[in-house]
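# Fold and contact review
Chain by chain, the residues:
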Amino acid sequence: GNAPPAAVQREVAGRAASRGRTRRARRGGMFDQPVRGLMRKQKLLKAPPETTVVKAARLMAGKNVGAVVVVAGTRIVGIFTERDLVFRVVAKGLDVASTPLSEVMTPSPQTIAPDKPFGSALLVMHESGFRHLPVVEKGKLVGIVSARSAMDPDLEEFTAEAERREYFRQRA
């Protein structure tokens, strides 16, 4: 399927085993689970495009989430994430009280169906460089899946280390 490369799976399993945990087979596990089982319904935040950045940030802080799905009626028109807040708002000196999400969101975000394997969602997020993926079933937003919230601690640690290495590699 679309599970992460075998080398990644072996590395994660090896790290778990080296910390005294039993070595679990990674060939299936969470990567083959449907997105439906890992999406966070309670973490799904929606807001209309005219919502101000400050209101969206307060909603995100209140639910402890990193993204708001921007909807016009029932249609997904964008996604606004903590990264958008930093790079498109704060770094550009925009006024959080007057800037609407429509001006700083990522428009027309990719989505995934709830019956797809979670490995596919991770692959889409990794290849496209984002961490949140709205889950859509029959044209309706039903949840959101996040690389961080759905990862087990071993995989999250491995991914963070890989990101750190890449960061320093680019600056070497």
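First things first, this report covers the structure right here in the doc. (Residues numbered from 1 in each chain as written. Predicted model: local features only at pLDDT ≥ 70, side-chain atom pairs only at ≥ 80, totals over all residues. Heavy atoms only, no water.)

### Things to note about the overall build of the protein
Scanning the protein for helices and strands turns up seven helices and six strands. Taken from N to C terminus, the helices and strands of the protein fall in the order α-β-α-β-β-α-α-β-α-β-β-α-α. By the burial criterion, 40% of the 172 residues in the protein qualify as buried. Within the protein, residue pairs in contact and separated by at least 24 positions form 57% of the contacts whose partners lie at least 6 positions apart. Counting every atom, the protein has about 10100 Å² of accessible surface; 53% of that belongs to carbon and sulfur. (Helix = DSSP H or I, 4+ residues; strand = E, 2+ residues; numbered from the N terminus. Buried < 20%, exposed > 50% of the residue type's maximum accessible area, 1.4 Å probe, protein only. Contact = heavy atoms within 4.5 Å. Areas by Shrake-Rupley, 256 points an atom, 1.4 Å probe, with all protein chains shown as cover.)

### Here's the deal with the nonpolar core
V35, F118, A121, M125, V135 and V145 are the most contacted members of the largest nonpolar core, which totals 15 residues. Of all the elements in the fold, those that place two or more residues in this core are α5 (118-128), β5 (132-137) and β6 (140-146). With four residues, α5 is the largest single contributor of residues to this core. Core analysis: the next-biggest nonpolar cluster, separate from the first, contains 14 residues, V53, V68, V70 and M105 among them. (Core = buried A, V, L, I, M, F, W, Y, C linked by side-chain atoms within 4.5 Å.)

### Quick look at the pairing of β6
Burial analysis of β6 places six of its seven residues in the buried class, which makes it a mostly covered element. In this structure, β5 lies alongside β6, joined through six bridges in antiparallel fashion. Counterpart to P134 in the pairing with β6 is I144. The hairpin formed by β5 and β6 contains two residues between the paired strands, and K138 there has a positive phi angle of roughly 50°. (Pairing = 2+ DSSP bridges.)

### What about the side chain of T99?
Looking at where T99 falls in the secondary structure, it is placed in the loop between α3 (82-90) and α4 (101-104). The contact partners of T99, leaving out residues within four places of it in the chain, are T51, T52, V53, L94 and V104.

### Structural notes on helix α2 (residues 53-63)
Where α2 is concerned, the buried positions are V53, A56 and M60. The arc enclosing the buried residues of α2, seen along the axis, measures out at 65°, which places them on a common side. The exposed set on the far side of α2, more than 90 degrees from its buried face, consists of K55, R58, A61 and G62. Those residues of α2 that are buried are in contact with β2 (67-72), β3 (75-81), α3 and α4. Among the residues trailing α2, N64 stands out with phi positive, at a value near 55°. (Arc of directions from axis to C-beta.)

### Here we look at the environment of P34
Note on placement: P34 falls in the loop between α1 (6-18) and β1 (46-47). Between the C-alpha atoms of P34 and P117, which are 83 residues apart in sequence, the distance is 4.4 Å. Once residues lying within four places of it in the same chain are set aside, the contact partners of P34 are P114, D115, K116, P117 and F118.

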